[in-house]
Every structure is written in structure tokens, then in C-alpha cells.
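Each chain, written out:
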Amino acid sequence: DTNTRESTAHDAAVLLTGAIDDAGDLWIVDMKRWYPSPSAYQAEEKAAVLKWLPRRTFHETVGAQMKDIHYLEQDQVLNGTPYNIFPVTRPPIKKFDRICPILQPFVERQKLHVPIGTKFDVIVDEMRAYSVAASQDDILDCICDMVQYGLKPPKAQKAVEPPKSQ
């Protein structure tokens, strides 16, 4: 989310790459947290997809993010970039009530692995400070989506076949 409106401009965009292994451990492998223009975000997202070739690219479906999805779909058709877009529509509950139950088991069982390095320190900082009143939760939100939709993706809808002509 590039948060171009004045009311949300303080909220950073996060581009996060992670993987869940066969043992159920969650590994953060790459991350960028910054305040980009929509076109800069799209360019970074494309670069990340080409670098990591993820099985799925999760993308929020609220407001301006729909423009990003349309751009990605267009780029996928025109240039063959393998986005494998998975739209994320979050339930209408408080972030705290959504994030904590999903991430807490990973943290308690030491199944969340974050690389050591300055650019990843913000993840640990966000986790330490997270509470109902926390204002910084962009990264935890991304990790939560990765777990919720990556481990338990909703079943695909069955395609409707056209009627056979007689």
C-alpha cells in the first residue's frame, strides 16, 4: 500500500518475501519498507517477483491497491511476469485480533525466523512494541497474510463449464 493520501502518508509500504518450510517454520528472506510512489512500488514488486519467483504474490484489494493489481495483471499478460496474484481481502475485525492469534504460535514455538541485519531490525522492533495501541504494524500485517493465506489458502472456486450445444 503506497498510502498516498495525507491521512495515511505516515504508514509505510512493505514488500515482504518469505517461505514456509515442510516443518512449518516461517522464514523471512527479503523485505523492503519505505514510502514509494505507486510506480516505484510496482517496479520493486516486479523486481522481487523476478528475483524470488514466488508461488503466490499476495496483494491487498482495498482502494488504491486495486490499481496495483490491474497493473500487475497487465504486466503479466504483456511481459509474462509470473506474479501468480492472490488477492487478499481481510475480515472486518480489529488488526490486533487478527494478527495476534496467527503470529503468536510462531513466536512462542520459535518457528519465525528473521535474518540478522539492519534492514530486518524493524521486524523485531515492531514485534516488541506490538499491542492494541500500536501504530506500526505494517510488517506484522504482511507476515500474518503470508501465514493465513499461504498455509491455508481458500479453496479455488470450481470453474463453470459452458452449456453443451445440442
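Residues numbered from 1 in each chain as written. Predicted model: local features only at pLDDT ≥ 70, side-chain atom pairs only at ≥ 80, totals over all residues. Heavy atoms only, no water.

1. Some points on helix 2 (residues 65-79)
Thought 1: Helix length check: helix 2, at 15 residues, gives a terminal C-alpha distance of 21 Å against a target of 21 Å (1.5 Å per residue), a fit within 8%.
Thought 2: The set of residues buried in helix 2 consists of Q65, D68, I69, L72 and D75. Buried positions in helix 2, seen along its axis, are confined to an arc of 125° and lie on one side of it. Looking at helix 2, the residues exposed on the side facing more than 90 degrees away from the buried face are K67, V77 and L78.
Thought 3: Its buried side turned inward, helix 2 meets helix 1 (38-52), strand 3 (57-60) and strand 4 (85-88).
Thought 4: Positive phi appears at G80, one or two residues downstream of helix 2, with a value of about 75°. (Helix = DSSP H or I, 4+ residues; strand = E, 2+ residues; numbered from the N terminus. Expected span 1.5 Å × (residues − 1). Buried < 20%, exposed > 50% of the residue type's maximum accessible area, 1.4 Å probe, protein only. Arc of directions from axis to C-beta. Contact = heavy atoms within 4.5 Å.)

2. A look at the pattern of salt bridges
Thought 1: A complete count under the given rule lists nine salt bridges for this structure.
Thought 2: Salt-bridge contacts for K51 lead to D30; the nearest nitrogen and oxygen are separated by 3.6 Å. Of this pair, K51 sits in helix 1 while D30 sits in strand 2 (residues 26-34); the two residues are 21 residues apart in sequence, bridging distant segments of the chain.
Thought 3: Across the pair D145 and R98 runs a salt bridge, and its minimum N-O distance is 4.0 Å. One end of the pair, D145, is in helix 5 (residues 138-151); the other, R98, is in helix 3 (residues 95-108), and 47 residues separate them in sequence. Just as D145 is buried, R98 falls in that class too.
Thought 4: Through salt bridges with shared partners, a single network forms among K95, R98, D141 and D145. (Salt bridge = Lys/Arg side-chain N within 4 Å of Asp/Glu carboxyl O.)

3. A look at the nonpolar core
Considering soluble globular proteins, one finds that nonpolar side chains tend to be buried as a cluster.
Thought 1: Among the nonpolar cores identified, the biggest contains 19 residues, and L16, L26, I28, M31, L103, I123 and I143 are the most heavily contacted of them.
Thought 2: Elements supplying a minimum of two residues to this core: strand 1 (13-20), strand 2, helix 3 and helix 5.
Thought 3: The dominant element in this core, judged by the number of residues it contributes, is helix 5, at six residues.
Thought 4: Formed by five residues, the second largest nonpolar core is a distinct cluster that contains L15, W34, Y41 and A48. (Core = buried A, V, L, I, M, F, W, Y, C linked by side-chain atoms within 4.5 Å.)

4. Some thoughts on the packing of helix 3 against helix 5
Thought 1: Here helix 3 crosses helix 5 at 70°, and the two axes come no closer than 9 Å. Between helix 3 and helix 5, the interaxial angle falls into the category roughly perpendicular. The two elements helix 3 and helix 5 meet at a crossing, and its hand is left-handed. Together, K95, R98, I99, I102, L103 and F106 of helix 3 and L140, D141, I143, C144, D145, V147, Q148 and L151 of helix 5 make up the contact between the two elements.
Thought 2: Taken together, the residues that form the contact of helix 3 with helix 5 break down as nine nonpolar, one polar and four charged. (Axes fitted to C-alpha atoms, helices over the stretch in contact; angles between N-to-C directions. Parallel < 35°, antiparallel > 145°, perpendicular 65-115°, else oblique. Left-handed = near helix turned anticlockwise from the far one by under 90°. Nonpolar A, V, L, I, M, F, W, Y, C, P; charged D, E, K, R; others polar.)

5. Quick notes on the pairing of strand 2
Thought 1: In terms of strand pairing, strand 1 meets strand 2 through eight bridges, oriented antiparallel. Each residue of the ladder has a partner; that of A13, found in strand 2, is W34.
Thought 2: Taken together, strand 1 and the strand that follows it, strand 2, pair antiparallel across an intervening segment of five residues, in which G24 is found at a positive phi of about 85°.
Thought 3: Across two bridges, the pairing between strand 2 and strand 5 (residues 112-113) is parallel. Pairing of W27 across the sheet is with H113, part of strand 5. (Pairing = 2+ DSSP bridges.)

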